[in-house]
Structures are given as C-alpha cells and as structure tokens.
Amino acid sequence: MTHAEVKKLRKQLARQYHPDIATDGGATMRDINAELERWEQLYGPDAPPVVKLPPGANNWTPDQWWANIKNAAQQRNAHVAQNPPPVQPPAAPQPAVPQPPPPAPPPPRPAQQSSASTTRHRRTNARIDTDFLNALSAPVARDGTQTSGNVTILWADVNTWVVACEVKGNRPCHQIRVNGTVVQETPATTHWRAERKLVIDAAKNWHV
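Note that the structure is predicted; figures quoted are calculated from it, not measured. (Residues numbered from 1 in each chain as written. Predicted model: local features only at pLDDT ≥ 70, side-chain atom pairs only at ≥ 80, totals over all residues. Heavy atoms only, no water.)

Our next topic: the overall build of the protein. Counting its regular elements, the protein contains 5 helices and 5 strands. For the protein, the α and β elements follow one another from N to C terminus as α-α-α-α-β-β-β-β-β-α. Taking all 208 residues of the protein together, the buried fraction comes to 24%. Put simply, the protein shows about 15,500 Å² of open surface, and 56% of that area lies on carbon and sulfur atoms. (Helix = DSSP H or I, 4+ residues; strand = E, 2+ residues; numbered from the N terminus. Buried < 20%, exposed > 50% of the residue type's maximum accessible area, 1.4 Å probe, protein only. Areas by Shrake-Rupley, 256 points an atom, 1.4 Å probe, with all protein chains shown as cover.)

With that settled, the discussion passes to the sheet that holds strand β5 (residues 181-187). Judged by pairing direction, the sheet is antiparallel, and its 5 strands sit side by side in the order β1-β2-β3-β4-β5 without closing on themselves. The sheet is open, and its two borders are formed by β1 (146-148) and β5, each paired with just one other strand. Strand-to-strand twist across the sheet, computed as the mean angle between neighbouring axes with direction ignored, equals 25°. Where β1 lies against strand β2 (residues 151-157), 3 bridges are found, and the strand directions are antiparallel. By the bridge assignment, S148 is partnered in β2 with V151. (Pairing = 2+ DSSP bridges. Axes fitted to C-alpha atoms, helices over the stretch in contact; angles between N-to-C directions.)

A few words on the packing of aromatic side chains. Under the defined criterion, the tally for this structure stands at 0 aromatic pairs. Between the NZ or CZ atom of R177 and the centre of the ring of F132, over which it lies, the distance is 4.5 Å. (Phe/Tyr/Trp six-rings, centres within 6.5 Å; stacked < 30°, edge-to-face > 60°. Lys NZ or Arg CZ within 6 Å of the ring centre and 35° of its normal.)

To continue, consider the packing of helix α1 (residues 3-17) against helix α2 (residues 27-43). Where α1 contacts α2, the axes come no closer than 10 Å and their chain directions differ by 175°. Taken as axis vectors, α1 and α2 run roughly antiparallel relative to one another. Two secondary-structure elements touch here, α1 through H3, V6, K7, R10, L13, A14 and Y17 and α2 through T28, M29, I32, N33, L36, W39 and E40. Here the contact of α1 with α2 is composed, by residue class, of 8 nonpolar, 3 polar and 3 charged. (Parallel < 35°, antiparallel > 145°, perpendicular 65-115°, else oblique. Contact = heavy atoms within 4.5 Å. Nonpolar A, V, L, I, M, F, W, Y, C, P; charged D, E, K, R; others polar.)

With that out of the way, let us pick up unusual backbone geometry. A positive phi angle is found at N179, which is not glycine, with a value near 55°. Relative to the elements of secondary structure, N179 occurs in the loop between β4 (173-178) and β5.

Relative to the elements of secondary structure, Q146 occurs in strand β1. A distance of 3.4 Å separates a polar atom in the side chain of Q146 from the backbone oxygen of A135. A polar contact of 3.2 Å, which involves the side chain of Q146, links it to the backbone oxygen of L136. In this view, Q146 contacts A135, L136, S137, A138, P139, V140, V151, T152 and I153; residues no more than four positions away in its chain are not counted. (Polar contact = N/O pair within 3.5 Å; in protein donor to acceptor, adjacent residues only side chain to side chain.)

Once that is clear, we can look at the side chain of R196. Structurally, R196 can be placed in helix α5 (residues 192-204). Judged by its relative accessible area of 19%, R196 falls in the buried class. Contacts of R196, omitting those with residues within four sequence positions, involve D143, T152, L154, E166 and H174.

Let's shift gears to a nonpolar patch on the surface. A contiguous nonpolar surface patch, about 300 Å² in accessible area, is contributed by L133, L136 and W161. Of note, W161 is situated in the loop between β2 and β3 (162-167). (Patch = residues over 30% accessible without salt bridge, like charges linked within 9 Å, V, L, I, M, F, W, Y side chains within 5 Å. Salt bridge = Lys/Arg side-chain N within 4 Å of Asp/Glu carboxyl O.)

As a further point, take the environment of E35. On the secondary structure map, E35 appears in helix α2. Separated by 25 residues in sequence, E35 and R10 have C-alpha atoms that sit 9.7 Å apart.

Once that is clear, we can look at α5. Spanning 13 residues, α5 covers 18 Å between terminal C-alpha atoms, matching the ideal 18 Å at 1.5 Å per step. Within α5 the residues assigned to the buried category are E195, R196, V199, I200 and A203. Along α5, the residues classed as buried sweep out an arc of 135° about the axis, all on the same side. The exposed set on the far side of α5, more than 90 degrees from its buried face, consists of R193, K197 and L198. Along its buried surface, α5 packs onto β2, β3, β4 and β5. (Expected span 1.5 Å × (residues − 1). Arc of directions from axis to C-beta.)

Such coordinate-based values are descriptive only and should not be taken to indicate function.
Written out as structure tokens, the structure is:
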C-alpha cells in the first residue's frame, strides 16, 4: 500500500472505531494509531526502502509478520549505520572574560635617616610578620578575632588570602595583607572602632 492508501484506510477505520462511536473506550483506535505509526517508521516516506513484501504476504500468520518486522528493524539499523547523520562542527570557543587589572603596588616606605633606625625598623617588621603568621593559627575569640603578640586578625578570606589586621606596639596601624604581604597600611588612632570597620570594608572589597 502507498502512504496515501494507508492514511485513507486509517480514516475509514476511524469512522468505525472512534471512541465516540465504539464501546471499547478507545482501545481499538489506539491500536490502529499504533499500527499506523509503526507502518510509517518502516515503510513511510521518511523510512529507508529496506523491506519489500513478497507475494502472498496478506496470508502470513502473526508469527511471520513479526519475524519480518524484526528483519525490517535490523535492515533499518544497518542502513542508519552505513549512512550516519552529518557531524556537527564544534562550537566556536567563547571569548575569554577579561580579568580585572592587578592592584597597584603599595607606596614605597620613606627612607630611614640612619642605618641604626633602619635595622630597628626591619626587626619590628620581622616581629610583626611573625606575630601575623602565629595569629593565623591562634584560637578564635568571641568577637571573631585571632591575636598573637601585637597582631590581631580582624577579618580574613581564605579563598583569596586577603586579611585585615590590627598592629599594636610602638607603631600601631591597620593593615591589609594579600598572601601575607602588606598592600595597604594606615596609622591607628584612638578611633579604633571606626578604623577597624574601614579596614575590614576595604579588605572585603579588595580585588586580588
């Protein structure tokens, strides 16, 4: 049968077995639609011509019909394997997202007047660096800070290693450190509460 003949037969059967007419709740019509869909998959205009029914096929038993349907499916799979769909070209790579520029280096510290003061300054910085490293592993206080010696860590981001800390002693100040290196330092005064908030906010907004 041609595709037009099959569609015409389905329309004739629909007049007889439509759910509004038949008393089987639409079961026969569902079977008819399923057979039509199977026919179109095997013999329809979009299916490869891989099956030709021999003379006398109308007298086949159900077992013979199913055997030929399985054979048609195998031939269809072989046809698809020999004629694979065209491969789509890979998508073009997405442009890289521009990264923000690196932070400006900290301003150079003023030159010392004498070698003695330079030595003392270096020793002070070394002690501050040691206290900073020890504060990283110090227990956390109730206010969320960590203290070792003259250094108190006020806030830290473990993902970017940006840390806001407070330094006491002979040179009180507030610092922002990235990977342990001081990138910003401001003198500490008696307004330590406000200054703490400022250095924490600056550290949270720091772009690594």
